[in-house]
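# Observations on the three-dimensional arrangement
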Amino acid sequence: MLKIDNYSSELLQNITFNLEENQNLIILGSNGAGKTTLAKVLCGIISNQEVEIEGINPSKVYGDKRIKLINYIPAKLEIFDEHISVYEFLNLSLINSDMSIDEVLKCLDIEYLKNSSCKTLSSGESQLLLLASGILHNAKYTIFDEATSNLDPQKVKKVFTILKDSKLLQTKLIITHNLAMAYKLGYDIMFIKDGKISFKGSHDEFFSSENLDKFFDGSIKKIDDNIVINL
Amino acid sequence: MNKLLILICIIIIATSPFFGQVDISMTNIFKQTTVDYQIFWDIRVPRSLLAFGVGGILALSGMVFQTVFRNPMSTPFTLGVASGATLFTAIGIVLGFASFLSLFAFVGAMLTVITLFVVASRFKTYETSSLLLVGIALSFFYSASLMVLFYVSDLSQSYEIVRFTMGSLDVVGYSDVNIVLLSALFIFTLVYRYKFELNLLLTSYELAHLKGIDVQKTNYILLLGVSIAVAVCVSITGPIGFVGLIIPHIIKTITKQSAHKLIVPIFFYGGVFLVFCDLIARNLGTVSDVPIGVITSFIGAPFFIYLIMNRKKA
């Protein structure tokens, strides 16, 4: 179980929730609401006392014990050395997957990138590379921070099937602005507003018309079985 | 090509003791009674070994500094280790402890390292850039203190201080050489042991954390180890600039590989580069050796700029 108990910082206030294994969660909220900060707290990049994953605080424990528990896939690929190739990068994430690097690259249709330098990838390709590293790492809990923000529609669809597939990855926490995807995934929803959790509950409850109006000020509408932006 | 280059390098190292102000004959170097024997075994060979060890340490340290600080301009002297050594050597000279200057230099370098890590332990949040800034501030403080020493010292003392800052590979016998080679072995082993961590640090701190590394601890161990080895070098040879900056870049640009895979080449070519520069320094002047730092910069800078200009995006 993943637990965060009353975490507060400059940006976040009184964050408390539990997540059982295989209880996938979608985290929504406007820009600057604190979603990425929350993700970094959960995986221990931001040091804290309040998070506990199966009895371990991820900012205090190092090595094998922690890496199998939690992983975070950032929105942007950050790489200092210009000569690290896609293959070398993925090699660092070979932790808990039955799949090989080649299989994961094939699954995402990016085999052709295998020997490219990570620095030369487009933003969409980098995002797929990060997703590939997440699949290879295959931690018990994986947080995806805007995994589809730079992708073309076909790729979004591809990523959607991967995130929907229960076999490829274990428990997923998905931060996204793509409400159509969030709606179709059908996972529980958490909405963060101004650093506080203003909603946490089931998919059906969140996507009711009243709640959509309440959280998105009328800019989101549900038409038939689809979520659209009301332009 | 690669094998040819290695062969050329080995030839440079092997033949370097034969060149210098005094010509020596091949046959005499195995006759213990000759002057050639003494020049060859007590001066030239230790000097080449010293140059190789110091060059290797400086180049490898440069790679570690550039990785840990994620800054391509970092050098082994960025944290003020060299200026600390210089200042304390100057203090030693002014106070008249001519025979203990290496000790003074080492104490100066180590005091700098200790100061840095004491300050770093007080940081509220961990950021390597803060450590870098503290190091630079210390360097400026040392430079100012050095000015004061110049001001109070007499002409011959000033001259001696200036000579130290130019760097010199003058050495007699093997005691200093052994210390440097031991340090080289130490730093090489340390960096090799941290190869996987370096690979992660070369991507991002966040990734390193997510793959189980204690980033702060790893960085501090690497910086501390490297700084100690550099302190040993500086105390014996004085600060020799540019090797630590350019060798890692040159090797990376030529091989197009990530730095963690280049631990052996960076060490090896750093050593060869300094042996080669010293060879020129010893044979260029007619009266005395040209300061080694002059040669490393004169050869290194143009070649470095040439490489940067011709660099294609990978």
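Attention in this report is confined to the structure presented alongside it. Sequence positions are assigned chain by chain, starting from 1 and proceeding in written order. Working convention: letters from A go to chains and numbers from 1 go to ligands, in the order in which they are written. Only residues with pLDDT of at least 70 are given local features in this predicted model, and only at 80 or more are side-chain atom pairs given and counted; all residues enter the totals for whole chains, interfaces and linings. With hydrogens and water set aside, each side-chain value is computed from the structure's full complement of heavy atoms.

Another aspect to go through is the overall build of chain B. Numbering of helices and strands runs from the N terminus; a helix is a DSSP stretch of H or I covering at least four residues, while a strand is a stretch of E covering at least two. Within chain B, the secondary structure is distributed over 13 helices and zero strands. Seen in sequence order, chain B has helices and strands lined up from the N terminus as α-α-α-α-α-α-α-α-α-α-α-α-α. For 314 residues, the compact-globule estimate of 2.2 N^0.38 gives 20 Å, and the C-alpha radius of gyration of chain B, at 20 Å, lies within 12% of that figure. Seen through its C-alpha atoms, chain B measures out along the principal axes to roughly 65 × 55 × 35 Å. Within chain B, buried positions represent 55% of all 314 residues. With the radius of gyration taken over C-alpha atoms, the globule rule is written as 2.2 Å times the number of residues to the power 0.38. Categorising residues by exposure relies on relative accessible area from a 1.4 Å probe, with only protein chains included: less than 20% of the type maximum marks a residue as buried, more than 50% marks it as exposed, and the intermediate range marks it as partly exposed.

All names here are of chain A. Within the open sheet, the three strands sit side by side as S2-S1-S4. Their pairing is antiparallel. In the strand order of this sheet, the two ends are held by strand S2 (15-19) and strand S4 (51-53), each with one partner. Across the sheet, the mean angle from the axis of one strand to that of its neighbour is 10°, orientation sign disregarded. Across three bridges, strand S1 (residues 2-7) lies against S4 in antiparallel orientation. The residue bridging Lys3 from the neighbouring strand is Glu52, located in S4. Any pair of residues with heavy atoms lying within 4.5 Å of one another is described as a contacting pair. Axis angles are defined between N-to-C directions and span 0 to 180 degrees, where every axis is a line fitted to C-alpha atoms and, for a helix, only to the segment in contact. Across the face of the sheet, helix H1 (residues 35-42) comes into contact with S1, S2 and S4 while running at roughly 120° to S1. DSSP calls a pair of strands paired once it identifies at least 2 bridges connecting them.

Moving on, we come to the interface of chain B and chain A. On the chain A side, the residues contacting the 28 residues of chain B number 28 residues. By the criterion of area lost to chain A, the three top residues of chain B are His209, Leu210 and Lys211 of chain B, representing 28% of everything that side buries. A pairing counts as a salt bridge when a side-chain nitrogen of Lys or Arg comes within 4 Å of a carboxyl oxygen of Asp or Glu. Summed over the shared surface of chain B and chain A, the result is three salt bridges. When the shortest N-O distance is used, the salt bridge between Lys261 of chain B and Glu88 of chain A registers 2.6 Å. Pairing of N or O atoms within 3.5 Å defines a polar contact, subject to two protein rules: one partner must be a possible hydrogen donor and the other a possible acceptor, and residues neighboring in sequence count only if both atoms are side-chain atoms. On inspection of chain B and its partner chain A, the count reaches 14 residue pairs in polar contact (both at pLDDT 80 or more). At the level of elements, helix H2 (35-68), helix H8 (195-201) and helix H9 (205-210) of chain B are the ones that each hand at least two residues to the side of chain B that touches chain A. Class assignment of the residues belonging to the side of chain B that touches chain A gives a composition of eight nonpolar, eleven polar and nine charged. The buried area of a pairing is the accessible area, by a 1.4 Å probe, that goes missing from both parts when the two are put together, added over both. Throughout this entry, Asp, Glu, Lys and Arg are counted as charged residues, while Ala, Val, Leu, Ile, Met, Phe, Trp, Tyr, Cys and Pro are counted as nonpolar. The remaining residues, Gly among them, count as polar.

Time to look at the nonpolar core. Ranked by size, the top nonpolar core spans 141 residues in total, and within it Leu28, Phe89, Leu90, Phe206, Phe207 and Phe216 of chain A carry the most contacts. Setting aside residues no more than four positions away along its own chain, Phe89 of chain A makes contact with Leu77, Ile79, Ile84, Cys118, Leu129, Leu130 and Ser133 of chain A together with Thr203 and Leu207 of chain B. Note on terminology: a nonpolar core comprises buried Ala, Val, Leu, Ile, Met, Phe, Trp, Tyr and Cys residues joined through side-chain atoms within 4.5 Å. By size, the runner-up hydrophobic cluster in this structure holds 28 residues, among which are Leu12, Ile15, Leu38 and Ile192 of chain A.

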